[in-house]
Amino acid sequence: MSTTVADQLISQLIDAGVHRIYGIVGDSLNPVVDAVRRTGGAKNGGIDWVHVRNEEAAAFAAGAEAQLTGELAVCAGSCGPGNLHLINGLYDAHRSGAPVLAIASQIPSAQIGSEYFQETHPDRLFVECSSYRELVSTAEQAPRVLHSALRHAIATKGVSVVSLPGDIAELEAVGHAPAFIQTLAPTIVPAAADVRALADAINAAKRIAIFAGAGVAGSHDEVVAFAELLAAPLGHSLRGKEWIQYDNPFDVGMTGLLGYGAAHDGIHDADLLLLLGTDFPYNQFLPGSDDDVVIAQVDARAEHLGRRASVAVPVHGDVAATIVAVTPLVDRAPDRRFLERTLKRHAKLLDSVVGAYAKNVERKTPIHPEFAASVLDDVAAADAIFTADTGMCNVWTARYINPNGRRRLIGSFLHGSMANALPQAVGAQFSHPGRQVVSVSGDGGLSMLLGELVTVAAYKLPVKIVVFNNSTLGMVKVEMLVDGFPDFGVDVPMVDYAAVAGALGIFARRVEKPTEIESALRAAFAFDGPALVDLVTDPLALSLPPTITGVQLKGLALAMSKVVMNGGVGEAVKLAKTNLRNIPRP
Ligand SMILES: Cc1ncc(C[n+]2csc(CCOP(=O)(O)OP(=O)(O)O)c2C)c(N)n1
Ligand SMILES: [Mg+2]
């Protein structure tokens, strides 16, 4: 058999170091899938085909693999609905800076433009969630389009989409395939004048606070030393947490919707706020025009500068390179009182909010999710990879899973999609076969892409799925109550996910008593294969942001009175009692 366009594409992917493609087969994609089959799989120097249940999961898995390895990952879907299913996972990957190639097969080339069966236009559809997308129309063009797609995905840390009609994929390869090339990541050193302006702002300030985002990855020690130099309390965003919270005596917690600790107050009480590598989207948590806070912002991506808050001192540069450049120009802060005050306040808040659950909850049913999360933190491996579902699992992982520089935590932190955790765990486990991978799943999230349990079972992937099963779309229940709506459309009947998993041959435990959490988790983690622990948790556990506004509190009170009128007092009292766990106490 001669070399086809599909064979050429696959050999370019092998050349680029790709080990697997996540996807679902389909007629127009079959030539590509067959080319994968003929490579003999990754063990033989080829590529594996990972058969998932929904293409959305393929995109999430590829996105997770790319985020965790920093290298290109690939997913594929057949024409029309097959690749349309990819879209949500691709949005997530693109926004998360994951280099992902999506192979979107296309209807026969002669039919394009005739509203043919399953016709869509991937090169138009994926515009918003990719850096590059192109339709391959001839065999000559194919290898250069693929090369371009790979370069764009890697260079822009985003998604590329190659739309390939099945008939073109079957043609004999005629074009020359450019060799795959790879450079090392450059360092972005800021301009001298920007560094000088930053130094001047620092030297003029009396109370400096730092707010760090995911852009501080790889600069942990520099940032902590900088905080020491400036006597600056150091808060972080959710995405910054895994890079900066550990081994950090200046940590004051997280701000934002899921926040805790003194980060919010520290940021607002400073006279200079340094935003380091963060494009934190919620400007309501950042100082505004009413606050007397000067803001300096350092980011390797210049397009992030000044778009969330008014920035007086913008610096385009890598965080570590900027710190190295500015350090010789600044004086060690002589007055450390602001730092000490904020650290004290943080310790107090941690004790009253994050620690509040700890009192006598080891025996309370339904299980307090905070307690379960803290047991999970104790039991999970020191280098575990956690994936967290969007919803309350974000809160529990952000507050109770401790990073240590070796653990990883990924979620759908920028796109905010439900059902991300399980498929991301699939990508994490395929790319890290020796690591413990824990999917922290909501019952809503798990049921949304429930079919991926079949993928986990089929490949005997040793993923550990920990379900926070509160029989409700809990995060939205909170939103409704805080906004003054009685909760509606959120509750679901109790489902025994352990029984579902058991039916698929997955090791499963259902846990209703808090005293059984630890042994169930230990058994699941010790099991050599896929395991699911279904934790029946308190549906009324609420989490409130650190700066819940007066209007929102009024909303909560209003909703409570509506709950009382519609459902009786019992529910409201239960809810209020549960709320007390998470309302910051003075
Ligand atoms: C695809 C998608 N649909 C809807 C939402 C809105 N939403 C955000 S969190 C959430 C509830 C998640 O429920 P569950 O997974 O059970 O987690 P819980 O909050 O109960 O812990 C919903 C509906 C979303 N973010 N993504
Ligand atoms: Mg739920």
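Residues numbered from 1 in each chain as written. Chains lettered and ligands numbered in written order. Predicted model: local features only at pLDDT ≥ 70, side-chain atom pairs only at ≥ 80, totals over all residues.

Quick notes on the overall build of the chain
And step 1. Scanning the chain from N- to C-terminus turns up 24 helices and 18 strands.
And step 2. In terms of C-alpha radius of gyration, the chain reaches 25 Å, essentially the compact-globule figure of 25 Å for 586 residues.
And step 3. The principal-axis extent of the C-alpha atoms belonging to the chain is close to 75 × 65 × 45 Å.
And step 4. Sequence separation of 24 or more characterises 74% of the internal contacts of the chain that already satisfy a separation of 6 or more. (Helix = DSSP H or I, 4+ residues; strand = E, 2+ residues; numbered from the N terminus. Rg over C-alpha atoms; globule rule 2.2 N^0.38 Å. Contact = placed C-beta atoms within 7 Å.)

Structural notes on the site of ligand 1
And step 1. In the vicinity of ligand 1, 19 residues are found, and the nearest of them are G391, M392, G442, G444 and G474.
And step 2. Residue assignment for the shell around ligand 1 shows that the elements contributing at least two residues are helix 16 (392-400), helix 18 (443-448) and helix 20 (474-482).
And step 3. Of the residues in the shell around ligand 1, the class split is seven nonpolar, 10 polar and two charged. (Near = placed C-beta within 6 Å. Nonpolar A, V, L, I, M, F, W, Y, C, P; charged D, E, K, R; others polar.)

As for the sheet that holds strand 9 (residues 251-254)
And step 1. Spatial ordering of the open sheet is given by 9-8-7-10-11-12, a layout of six strands whose pairing is parallel. Because the sheet does not close on itself, it has two edges, and the strands there are strand 9 and strand 12 (313-316). Taken pair by pair, the neighbouring strands of this sheet meet at an average axis angle of 20°, ignoring direction. (Pairing = 2+ DSSP bridges. Axes fitted to C-alpha atoms, helices over the stretch in contact; angles between N-to-C directions.)

Examining the sheet that holds strand 13 (residues 385-388)
And step 1. The strand order across the open sheet formed by six strands is 14-13-15-16-18-17, and the pairing between neighbours is parallel. Unpaired on one side and paired on the other, strand 14 (408-411) and strand 17 (507-511) mark the two borders of the sheet. Strand after strand, the sheet turns through a mean of 15° between neighbouring axes, direction not considered.
And step 2. Packing of helix 3 (residues 55-69) onto the sheet brings it into contact with strand 13 and strand 14, and relative to strand 14 it is tilted by some 145°.
And step 3. Sheet strands in contact with helix 16 are strand 13, strand 14, strand 15 (437-442) and strand 16 (464-469), and its direction is about 135° off that of strand 15.

A word on the pairing of strand 10 (residues 272-276)
And step 1. In terms of burial, strand 10 is a largely internal element, five of the five residues being buried.
And step 2. Side chains L272, L274 and L276 of strand 10 all project onto a buried face; the interleaved residues L273 and L275 project onto the opposite face, where all are buried too. (Buried ≥ 20, exposed ≤ 12 C-beta atoms within 10 Å, placed from the backbone.)

What to know about helix 16
And step 1. Most of helix 16 sits inside the fold, with eight of its nine residues counted as buried.
And step 2. Turning to helix 16, its buried residues are M392, C393, N394, V395, W396, T397, A398 and R399.

Quick notes on the domain arrangement of the chain
The figure often quoted for interface size is the accessible area lost as the parts come together.
And step 1. Examined at the domain level, the chain breaks down into domain 1 (5-169), domain 2 (192-350) and domain 3 (355-582).
And step 2. On the side of domain 3, 22 residues touch domain 1, which itself brings 22 residues to the contact.
And step 3. If you list the elements that add at least two residues to the side of domain 1 that touches domain 3, you get helix 3 and helix 5 (87-95).
And step 4. It is helix 3 that contributes the most residues to the side of domain 1 that touches domain 3, 11 residues altogether.
And step 5. Split into classes, the residues belonging to the side of domain 1 that touches domain 3 amount to 10 nonpolar, six polar and six charged. (Domains from an automatic or database assignment.)

Let's talk about the environment of V426
And step 1. Mapped onto the elements of the fold, V426 is located in helix 17 (residues 421-431).
And step 2. The class for V426 is buried, based on 30 C-beta atoms found within 10 Å.
And step 3. Not counting the four nearest positions on each side in its chain, V426 is found in contact with A57, A61, E452, T455, V456, L461 and V463.

Here we look at unusual backbone geometry
And step 1. The residue after T365, namely P366, is reached through a cis peptide bond having omega -10°.
And step 2. Following the sequence through the fold, P366 ends up in the loop between helix 14 (337-354) and helix 15 (369-379).
And step 3. Positive phi, close to 50°, is recorded for K157, a residue that is not glycine.
And step 4. Within the secondary structure, K157 is located in the loop between helix 7 (142-156) and strand 6 (159-165).
And step 5. On the neighbour-count criterion, K157 (19 C-beta atoms within 10 Å) is partly exposed.
And step 6. Even without glycine at this site, D247 takes up a positive phi of about 40°.

Details of the nonpolar core
And step 1. A58, A62, V74, C75, L90, V100 and A102 are the most contacted members of the largest nonpolar core, which has 177 residues in total.
And step 2. A per-element tally of this core places helix 3 first, with nine residues.
And step 3. Here C75 is in contact with I21, Y22, G23, A58, A59, A62, L86, V100 and A102, once residues within four sequence places are set aside. (Core = buried A, V, L, I, M, F, W, Y, C linked by C-beta atoms within 7 Å.)

Considerations on the packing of helix 9 (residues 192-204) against helix 13 (residues 319-326)
And step 1. In contact at an axis separation of 10 Å, helix 9 and helix 13 are set at 70° when each is read in the N-to-C sense. Here helix 9 is positioned roughly perpendicular relative to helix 13, judged by the angle of their axes. Along this stretch, helix 9 crosses helix 13, giving a crossing that reads as right-handed. In contact with V195, L198 and A199 of helix 9, helix 13 contributes T322, A325 and V326.
And step 2. Taken together, the residues of the contact of helix 9 with helix 13 sort by class into five nonpolar, one polar and no charged. (Parallel < 35°, antiparallel > 145°, perpendicular 65-115°, else oblique. Left-handed = near helix turned anticlockwise from the far one by under 90°.)

Section: the environment of E119
And step 1. Within the fold, E119 resides in the loop between strand 4 (100-106) and helix 6 (122-125).
And step 2. Classification of E119 by C-beta neighbours within 10 Å gives partly exposed; the count is 15.
And step 3. Between the C-alpha atoms of E119 and S352, which are 233 residues apart in sequence, the distance is 57 Å.
And step 4. When near neighbours in sequence (up to four residues on either side) are disregarded, E119 contacts G80, I107 and Q111.

Section: the pairing of strand 7 (residues 208-212)
And step 1. Across the five residues of strand 7, five count as buried, placing the element largely inside the fold.
And step 2. Because side chains alternate across strand 7, one face comprises the buried residues I208, I210 and A212, and the other comprises A209 and F211, equally buried.
And step 3. With five bridges joining them, strand 7 and strand 10 adopt parallel strand pairing. The residue of strand 10 that forms the bridge with A212 is L276.
And step 4. Bridging between strand 7 and strand 8 (residues 234-236) involves three bridges; their strand directions are parallel. Paired with A212 across the bridge in strand 8 is H236.

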